[in-house]
Amino acid sequence: MSRRSRKNINIAVVGARGRMGREIVKLAKGAGFKVTAKIDGEDLWPEGAAARNLRGVIEFSSPQGLRRALQWCVKHKKPLVTGATGLSAGDRAALKKASKKIPIL
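Residues numbered from 1 in each chain as written. Predicted model: local features only at pLDDT ≥ 70, side-chain atom pairs only at ≥ 80, totals over all residues. Heavy atoms only, no water.

*Asks:* What exactly am I supposed to notice about the pattern of salt bridges here?
*Replies:* Side chains carrying opposite charge are able to pair once their charged atoms draw close together. A full pass over the atoms with the stated rule returns 5 salt bridges. One salt bridge connects K75 with E47, and the closest N-O pair in it is separated by 4.0 Å. Note that K75 is positioned in helix α4 (residues 63-76) and E47 in the loop between β2 (34-39) and α3 (48-53), a separation of 28 residues in sequence. Overall, K75 belongs to the exposed group, its relative accessible area being 57%. For E47, a relative accessible area of 44% puts it in the partly exposed group. As a salt-bridge pair, D91 and R67 come within 2.7 Å of each other at their nearest N and O atoms. Of this pair, D91 sits in helix α5 (residues 89-98) while R67 sits in helix α4, and the two are 24 residues apart along the sequence. A single network of salt bridges, built from pairs that share partners, joins R17, D40 and D43. (Salt bridge = Lys/Arg side-chain N within 4 Å of Asp/Glu carboxyl O. Helix = DSSP H or I, 4+ residues; strand = E, 2+ residues; numbered from the N terminus. Buried < 20%, exposed > 50% of the residue type's maximum accessible area, 1.4 Å probe, protein only.)

What follows is the structure, encoded as structure tokens:
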């Protein structure tokens, strides 16, 4: 996919204010992606047209952030890329279950 065609790919970044999140936002923009939602803590998640226009979510926050992201992605049928660490067995089971409904990396 050319850089030009990626300009219209809207993504959300969860954990965007953290060290890794800031780097992901910077790299995404440099690669031609459009970060249309930066989500941290209790920030509101996109709904309606904003949710429909998102092509996927990159989550690099915490187990709690992962749980919210996973729930939102399944509800809106959006792919999820996660880099969360410190996950419980329940979190890993939830990821496995969700992977039957949406792409997860």
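*Asks:* Whenever I open this one, α4 confuses me. Can you help?
*Replies:* Spacing of three or four residues puts side chains on the same side of an α-helix, whose turn is 3.6 residues. Taking 1.5 Å per residue, 14 residues should reach 20 Å; α4 reaches 20 Å between its end C-alpha atoms and fits that length. Along α4, the residues classified as buried are P63, G65, L66, A69, L70, W72 and C73. Residues of α4 that are buried sit in contact with β1 (10-14), α3, β3 (54-59), β4 (80-82) and α5. After α4 finishes, the residue K77 shows a positive phi value of roughly 55°. (Expected span 1.5 Å × (residues − 1). Contact = heavy atoms within 4.5 Å.)

*Asks:* Can you help me understand the pairing of β2 in this one?
*Replies:* Two faces make up the sheet, and in a regular strand the side chains alternate between them. Of the pairings in the sheet, the one linking β1 to β2 comprises 5 bridges and is parallel in character. Bridge pairing links V14 to I39 in β2. The handedness of the β1 to β2 crossover, carried by helix α2 (residues 19-30), is right-handed. (Pairing = 2+ DSSP bridges. Right-handed = clockwise from strand over helix to strand, strands pointing away.)

*Asks:* Before we go on, may I ask you to explain the sheet that holds β3 in this structure?
*Replies:* Pairing between the strands of a sheet is mediated by backbone hydrogen bonds and can be parallel or antiparallel. The strand order β2-β1-β3-β4 describes an open sheet built from 4 strands, whose pairing is parallel. The two strands at the open ends of the sheet, each matched to only one other strand, are β2 and β4. On average, each strand axis in the sheet is inclined to that of its neighbour by 20°, with strand direction left out of account. Strands β1, β3 and β4 of the sheet are contacted by α4, whose axis makes an angle of about 165° with β3. (Axes fitted to C-alpha atoms, helices over the stretch in contact; angles between N-to-C directions.)

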